[in-house]
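Overview (structure and organization)
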Amino acid sequence: MSCIDVSVIIPVWNCAATIEDSLKSVFLQSNIELELIVIDANSSDGTNDVVKGYLREQDQYVLQRDTGLYAAINTGILLASGKWIYILGGDDRLYHEDVLSMFTSNVSDECDLVFGDVVYHDNSSKWVKNRHVSSFGAGLIWRNTLHQQSVLYRRSLFEKHVFNNSFKILADYAFHLSLYFNRNVKAVNVVYIPEIVASCGANGLSKRFNFSLYLEELRVRKWAMPIWISFSTVPWVVLS
């Protein structure tokens with residue numbers, strides 16, 4: 001059995017300006033055994049030099065062709081040995097030094113998914129609230145209420161299915177809907193802890209509110225939801 005509690009996966013591409021703060025927040029974590037897995041889509045700005053300066057023996061750094069964010073995350077999941085999977089962006093940082101131990105030590109061995117909230121730094125968007133309060137329930141039918149950087153996934157959830165890489169922006173939403181509707185993968189025990197997990201950049205892919213994002217959201221709903229529910233939500237998505 002692995003002695004690693006959490007595998008922290010960071011997909012990066014040209015994050016030299018921000019990745020050091022992300023890495024520091026990981027290696028400041030206390031009372032927990034973790035491994036870091038960085039998947040780099042061939043950065044050209046010196047990201048690799050920054051990352052390699054922090055790696056320990058148990059950590060991994062992988063260069064791979066850029067085939068999308070979730071392809072990189074999936075590579076990290078396949079390499080992970082921790083009991084839990086946590087995904088951090090290259091411009092995100094864990095909120096405090098005890099956050100991973102707090103979230104993993106306060107749940108039972110039967111817990112499949114534990115989550116909290118996130119806050120945003122450098123938030124200049126009128127569409128993005130400064131604190132995202134995550135939830136796992138019927139609200140997922142209307143939007144992705146479960147922020148990926150707020151979630152620790154039990155690694156066993158990915159034993160048969162990882163993120164659907166045909167969705168370039170909202171594959172995490174598709175996975176969360178799959179969990180909620182028990183499609184391909186099932187989360188039996190889900191726990192919410194009302195604490196902040198991470199501080200995140202506010203300008204990620206899923207924060208770019210445009211027509212292509214709405215089109216992908218419609219595709220996600222059709223793929224992950226029972227067909228009668230996906231059709232009933234279409235007008236509200238278009239009008240939102």
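Since we're looking at a predicted model, the values are computed, not measured.

This part covers helix α3 (residues 69-79). Inspection of α3 places Tyr 70, Ala 71, Ala 72, Ile 73, Asn 74, Gly 76 and Ile 77 among the buried residues, and these make up the whole buried set. Looking at the buried positions of α3, the neighbouring elements they touch are β1 (6-12), β2 (34-40), β4 (84-87) and α5 (171-180).

If you look at the biggest cluster of nonpolar residues, it comprises 36 residues, and the most contacted ones within it are Ile 85, Leu 113, Tyr 153, Phe 163 and Phe 175. Mapped by element, the contributors of at least two residues to this core are β2, α3, β4, β6 (113-121), β8 (151-154), α5 and α6 (211-224). Excluding anything up to four places from it in sequence, Phe 163 contacts Tyr 70, Ile 73, Asn 74, Ile 77, Ile 87, Gln 148, Tyr 153, Phe 158, Ala 171, Asp 172 and Phe 175.

Of note, Asn 14 is a non-glycine position whose phi angle comes to about 50°, a positive value. For Asn 14, the position within the fold is in the loop between β1 and α1 (19-27).

Ile 19, Ser 22, Leu 23, Ser 25 and Val 26 are the residues of α1 that are buried. Across the axial projection of α1, the buried residues extend over an arc of 160°, all falling on one side. Elements that come into contact with the buried residues of α1 comprise β1, β2, α2 (47-52) and β5 (93-94).

Look at α5 against α6: their axes get within 9 Å of each other, and the N-to-C directions meet at 25°. As far as their axial angle goes, α6 and α5 are roughly parallel. With respect to the hand of their crossing, α5 and α6 are arranged in right-handed fashion. Residues Tyr 173, Ala 174, Leu 177 and Ser 178 of α5 lie in contact with α6, whose contacting residues are Glu 217, Val 220, Arg 221, Trp 223 and Ala 224.

Moving on, we get to the side chain of Arg 221. As for its placement among the helices and strands, Arg 221 is situated in helix α6. At 2.4 Å, the side chain of Arg 221 and the backbone oxygen of Ile 141 are in polar contact.

Applying the stated criterion to the full structure yields five salt bridges. Arg 56 is the partner of Asp 59 in a salt bridge, and the nearest nitrogen-oxygen pair spans 2.8 Å. The exposure class assigned to Asp 59 is buried, which follows from its relative accessible area of 9%. Arg 221 is the partner of Glu 217 in a salt bridge, and the nearest nitrogen-oxygen pair spans 2.8 Å. Taken together, the positions of Glu 217 and Arg 221, both in helix α6 and four residues apart, correspond to about one turn of that helix. Of the two residues, Glu 217 and Arg 221, both sit in the buried class.

Thresholds applied
- Residues numbered from 1 in each chain as written.
- Predicted model: local features only at pLDDT ≥ 70, side-chain atom pairs only at ≥ 80, totals over all residues.
- Heavy atoms only, no water.
- Buried < 20%, exposed > 50% of the residue type's maximum accessible area, 1.4 Å probe, protein only.
- Helix = DSSP H or I, 4+ residues; strand = E, 2+ residues; numbered from the N terminus.
- Contact = heavy atoms within 4.5 Å.
- Core = buried A, V, L, I, M, F, W, Y, C linked by side-chain atoms within 4.5 Å.
- Arc of directions from axis to C-beta.
- Axes fitted to C-alpha atoms, helices over the stretch in contact; angles between N-to-C directions.
- Parallel < 35°, antiparallel > 145°, perpendicular 65-115°, else oblique.
- Left-handed = near helix turned anticlockwise from the far one by under 90°.
- Polar contact = N/O pair within 3.5 Å; in protein donor to acceptor, adjacent residues only side chain to side chain.
- Salt bridge = Lys/Arg side-chain N within 4 Å of Asp/Glu carboxyl O.

Function cannot be read off these values alone, since they describe shape.
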